[in-house]
Amino acid sequence: MNKLIPVKALTGLLTLITFASCLTSVKTKKPAVVDPTLNTEVVIVEAPTVSKTFHTELKTKWVVEAIKVANCVLNHPDFKKKIEEIEKFDYSELNGVQVYAEYSNGSKCGVRTYKTKNPWSSAIATTYNTDKEFLYLNTRKFPFTVGKNVGVLSHECGHLKGFSHGDNRSAGKENSVNYKVGSIAQEISELCLK
Ligand SMILES: [Zn+2]
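Here the structure is a predicted model, which means the values were calculated and not measured. (Residues numbered from 1 in each chain as written. Predicted model: local features only at pLDDT ≥ 70, side-chain atom pairs only at ≥ 80, totals over all residues.)

Novice: Even after reading the chapter, I still don't get the overall build of the protein, so can you show me in this structure?
Specialist: When helices and strands are tallied, the protein shows six helices and four strands. Secondary structure elements of the protein occur, N-terminal to C-terminal, as α-β-α-α-α-β-β-β-α-α. Here the protein, with 194 residues, has 24% of them falling under the buried criterion. (Helix = DSSP H or I, 4+ residues; strand = E, 2+ residues; numbered from the N terminus. Buried ≥ 20, exposed ≤ 12 C-beta atoms within 10 Å, placed from the backbone.)

In structure tokens, the structure reads:
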């Protein structure tokens, strides 16, 4: 395009730019102020609130819905009340107030899915000692009802927060933090689905 501009016009333009830039240099002795709103890359800084405890990078509808409801449950006053009034759990020294504090301390529970190689595996979900950020839901079993999905998320989130219930059998474990919180979360999810 530059080739098409006649030399005369170019000289004139150059003079104009020089003149203009002289004027500008007089006027702008102050350092340039960069307007941060001009930056097109918007960075959203999220506070570590309870409402964002459960999160995922997945777009799977039932995962997204379960996370939404699970976060609602965690923020629900009835959930808080029900957990906090428990005086004693199995497999933990903490009382209900302390357990709720752990669940609401802002540390995140990321959600991912996996599929067991063995189609007859009884595993519903798992966490790994080497991964403190994500819990994994077995897609051979999921999804259940939204309420049960939320119950399992809350149970597994407890594992990420350091709670456990001995071996993997569920019989007789209803008073452990994981199972208790899971069943209360499932119950409260009804209030979040209304
Ligand atoms: Zn468990």
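Having put the structure on the table, let's press on.
Novice: Any chance you could explain the sheet that holds strand β1 (residues 54–55) here in plain terms?
Specialist: Remark on secondary structure: sheet strands pair via backbone hydrogen bonds, oriented parallel or antiparallel. As summarised here, the arrangement of the four strands in space is β1-β2-β4-β3, forming an open sheet in which the pairing is mixed. The outermost strands of the open sheet, each flanked by one partner alone, are β1 and β3 (125–128). Its contacts with the sheet place helix α5 (residues 146–160) against β1, β2 (109–114), β3 and β4 (131–138), and it is angled at close to 150° to β4. (Pairing = 2+ DSSP bridges. Contact = placed C-beta atoms within 7 Å. Axes fitted to C-alpha atoms, helices over the stretch in contact; angles between N-to-C directions.)

Novice: Looking at this structure, how should I read the packing of helix α3 (residues 77–84) against helix α6 (residues 177–193)?
Specialist: For any two helices packed against each other, one specifies the inter-axial angle together with the distance between the axes. Taken N-terminus to C-terminus, the directions of α3 and α6 make an angle of 155°; their axes are 9 Å apart at the nearest point. Overall, the two elements α3 and α6 adopt an arrangement that is roughly antiparallel. Crossing hand, α3 versus α6: right-handed. Between α3, through D78, F79, K82 and I83, and α6, the contact on the second element is made entirely by V181, I184, A185, I188 and L191. A breakdown of the residues in the contact of α3 with α6 according to their chemical character gives seven nonpolar, no polar and two charged. (Parallel < 35°, antiparallel > 145°, perpendicular 65-115°, else oblique. Left-handed = near helix turned anticlockwise from the far one by under 90°. Nonpolar A, V, L, I, M, F, W, Y, C, P; charged D, E, K, R; others polar.)

Novice: Where do I start with helix α4 (residues 96–103) in this structure?
Specialist: One turn of an α-helix holds 3.6 residues; hence residues three or four places apart share an orientation. Burial in α4 covers these residues: G96, V99, Y100 and Y103. The arc that holds the buried residues of α4, viewed along the axis, is 100°, so those residues lie on one side. (Arc of directions from axis to C-beta.)

Novice: Explain unusual backbone geometry to me, please; I cannot follow it from the model alone.
Specialist: Excluding glycine, a negative phi dihedral is what most residues carry, and trans is how most peptide bonds are arranged. A cis amide bond links F142 with the next residue in sequence, P143, at an omega value of 0°. Structurally, P143 is set in the loop between β4 and α5. Its identity is not glycine, yet Y91 carries a phi of approximately 60°, on the positive side. Note that Y91 resides in the loop between α3 and α4. Taking the C-beta count within 10 Å as the criterion, Y91 has 14 such neighbours and is therefore assigned partly exposed.

Novice: Please explain the packing of α3 against α4 as it appears in this structure.
Specialist: For the pair α3 and α4, interaxial distance at closest approach is 7 Å and the crossing angle is 135°. Comparing the axis directions of α3 and α4 gives the class oblique. Contacts from K80, I83 and E84 of α3 reach α4 at G96, V97, V99 and Y100. Looking at the contact of α3 with α4 residue by residue, the classes come out as four nonpolar, one polar and two charged.

Novice: What should I look at first to understand the nonpolar core in this one?
Specialist: The nonpolar side chains of a soluble globular protein tend to be buried with one another. The biggest cluster of nonpolar side chains holds 28 residues, and the ones touching the most others in it are A70, V73, V111 and L153. Looking at this core element by element, the count peaks at seven residues for helix α2 (residues 61–75). Apart from residues no more than four positions distant in its own chain, L153 is found in contact with F54, A66, A70 and V111. (Core = buried A, V, L, I, M, F, W, Y, C linked by C-beta atoms within 7 Å.)

Novice: What is the right way to read the environment of V99 from this model?
Specialist: With respect to the helices, strands and loops of the structure, V99 is situated in helix α4. Distance from V99 to F89, taken between C-alpha atoms, is 9.4 Å for residues 10 residues apart in sequence. Look past the residues within four positions of V99 in its chain and what remains in contact with it is I83, F89, L94 and V177.

Novice: Quick question: what am I supposed to make of the pairing of β2 here?
Specialist: Where a strand is regular, its side chains alternate between the two sheet faces. Where β1 meets β2, two bridges bridge the pair, whose relative direction is parallel. Each residue of the ladder has a partner; that of H55, found in β2, is G110. As paired strands, β2 and β4 are joined by five bridges and run parallel to one another. Note that in β4 the partner of V111 across the bridge is L135.

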